Amino acid sequence: MFSRTTTEPAVPLLSQLVGRTPLCWIGEPFTACAQGFWAKLEGANPGGIKDRAALHIVRCARARGDLPPGAMIVESTSGTFGLGLALAAIAYGHPVTVVSDPGMEPIVRRLLSAYGARVDTVTRPHPVGGWQQARLERVAQLLKEHPGAYCPNQYDNPDNVEAYAGLADELLDQLGRIDVLVCSVGTGGHSAGITQVLRRSCPGLRLVGVDAIGSVIFGQPARPRLMRGLGSSIHPRNVAHALFDEVHWIAPHEAVWACRRLAATHYTTGGWSVGAVATVAAWCARTMAPRTRIAAIFPDGPARYHGTVFDDAYCASHDLLRRPPADEPQEITHPGQAEATGWTRCAAMGRR
């Protein structure tokens, strides 16, 4: 049995827990057609897809001297990036404060505390930017109170984008040719980072973005959002708008249906982002030419959603049960044409 001596660093060992995640073929009966898509199961990482970004950002910040040894890390997150930061903080020896809001799932809050992170919860949304802006303002306040503290700034930090080069390389090793990539969009990190690398080998790659209704990222009006992990009430600089060929907006009840259907048919599922991405990837498989190779990124697994997506009482209280997506999305020619209240597609994004 392998044992680590006290003089061996924790970083390489913990880093080995992240990456090399499996693929799962999602076909009938979920897709209801002979075609299907490949799902990259990022929930196989300890905390989810953002483990990759957290480790990379912290490593780069230390190398540049932006994050001195032992300095505090402070960041705004709805959960997944916080779990990644807790991993990076243990690996590199930093205290971490995660700023969140009342929507953070209790299990995530408890896990963060167990991992040694401090959770600072804002109590009121910002009148314009909602909970997200309220969290960012609290981060700014904490940085003033703790000179020398470091904020990874996942929304605007280019290191967040670069962190996903390894995921792109894994996809190429596993699949070779990729014709379509389907990604949820929040900070914009993984959609940009994966696509930039994949298009060097697959120049015709089509990038399909998946957003939440009520998100401002692609020009829709800001509304309160039930889903966490995708969408935004601010405009992250890491969203590379020019890379997208088309964008879909998904409603919470559509994501819930897909998550539960995936679980029942493939024993592979996750949270809001997974349900939203799976809805769109299945449509791509059904409507695109035969033998189109589609890769979809599933950012996490189901565990943290036992009180939301997989809770009948919660879903019933929000009218999310037994409401499958329509066979086809509503089509709009530009994001400002109509407000998306259910599955909506804009195919006129266009690479610029």
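Please refer to the structure placed before this passage.
These figures come from a predicted structure and were not determined experimentally.

As a further point, take the sheet that holds strand E8 (residues 246–250). Neighbouring strands of a sheet are bound in pairs by backbone hydrogen bonds; such pairs are parallel or else antiparallel. Overall, mixed pairing links the eight strands, which are arranged E1-E2-E9-E6-E7-E8-E11-E10 in an open sheet. The open sheet terminates on both sides in strands that have one partner only, identified here as strand E1 (23–26) and strand E10 (330–332). Going from strand to strand, the sheet's axes swing by 25° on average, the running direction of each strand aside. Sheet topology places E8 next to strand E11 (residues 344–346); three bridges connect them, and they run antiparallel. Looking at E11, one finds that Val247 is bridged to Cys346.

Turning our attention to the sheet that holds strand E3 (residues 73–76). Strand order in this open sheet of three strands is E3-E4-E5, and the pairing throughout is parallel. Two strands close off the open sheet at either side, each with one partner strand: E3 and strand E5 (118–121). With strand direction ignored, the average angle separating the axes of adjacent strands in the sheet is 20°.

Another point: the pairing of strand E2 (residues 37–41). Among the five residues in E2, four count as buried, and that is most of the element. Strand direction decides the pairing type here: E2 and strand E9 (residues 294–298), joined by four bridges, are parallel. In the strand pairing of E9, Leu41 is matched with Phe298.

Quick look at helix H9 (residues 252–266) now. Across its 15 residues, H9 extends 21 Å between first and last C-alpha, which sits within 8% of the 21 Å expected from 1.5 Å per residue. Every buried residue of H9 is listed here: Pro252, His253, Glu254, Ala255, Val256, Ala258, Cys259, Leu262 and His266. Those residues of H9 hidden inside the fold are in contact with E1, E8, helix H10 (272–287), E9 and helix H11 (312–317). Count one or two residues on from H9 and you reach Tyr267, which has phi positive near 50°.

Moving on, we get to unusual backbone geometry. In this chain, Glu28 is followed by Pro29 through a cis amide linkage whose omega measures 5°. Considering the arrangement of structural elements, one finds Pro29 in the loop between E1 and E2. Positive phi outside glycine occurs at Arg20, with the angle close to 55°. Here Arg20 shows up in the loop between helix H1 (10–15) and E1.

Within the structure shown, the criterion is met by five aromatic pairs. Look at Phe218 and Phe244: their rings are 5.1 Å apart centre to centre, the planes differ by 80°, and that puts the pair in the edge-to-face class. In this pair, Phe218 is assigned in the loop between strand E7 (206–212) and E8 and Phe244 in the loop between E7 and E8, connecting sequence segments 26 residues apart. For the pair formed by Phe218 and Phe244, the shared burial category is buried.

Take the pattern of salt bridges next. A full pass over the atoms with the stated rule returns 22 salt bridges. The closest approach of N and O atoms between Asp101 and Arg228, which form a salt bridge, is 3.1 Å. Note that Asp101 is positioned in the loop between strand E4 (96–100) and helix H4 (106–114) and Arg228 in the loop between E7 and E8, a separation of 127 residues in sequence. Side by side, Asp101 and Arg228 carry an identical accessibility label, which is buried. Among the ionic pairs, Asp312 bridges to Arg260, the shortest N-O distance being 2.8 Å. One end of the pair, Asp312, is in helix H11; the other, Arg260, is in helix H9, and 52 residues separate them in sequence. Of the residues examined, Asp312 reaches a relative accessible area of 47% and is grouped as partly exposed. Via salt bridges that share partners, Arg199, Arg206, Asp245, Glu246, Glu331 and Arg345 belong to a single interconnected network.

Calculation rules
- Residues numbered from 1 in each chain as written.
- Predicted model: local features only at pLDDT ≥ 70, side-chain atom pairs only at ≥ 80, totals over all residues.
- Heavy atoms only, no water.
- Pairing = 2+ DSSP bridges.
- Helix = DSSP H or I, 4+ residues; strand = E, 2+ residues; numbered from the N terminus.
- Axes fitted to C-alpha atoms, helices over the stretch in contact; angles between N-to-C directions.
- Buried < 20%, exposed > 50% of the residue type's maximum accessible area, 1.4 Å probe, protein only.
- Expected span 1.5 Å × (residues − 1).
- Contact = heavy atoms within 4.5 Å.
- Phe/Tyr/Trp six-rings, centres within 6.5 Å; stacked < 30°, edge-to-face > 60°.
- Salt bridge = Lys/Arg side-chain N within 4 Å of Asp/Glu carboxyl O.

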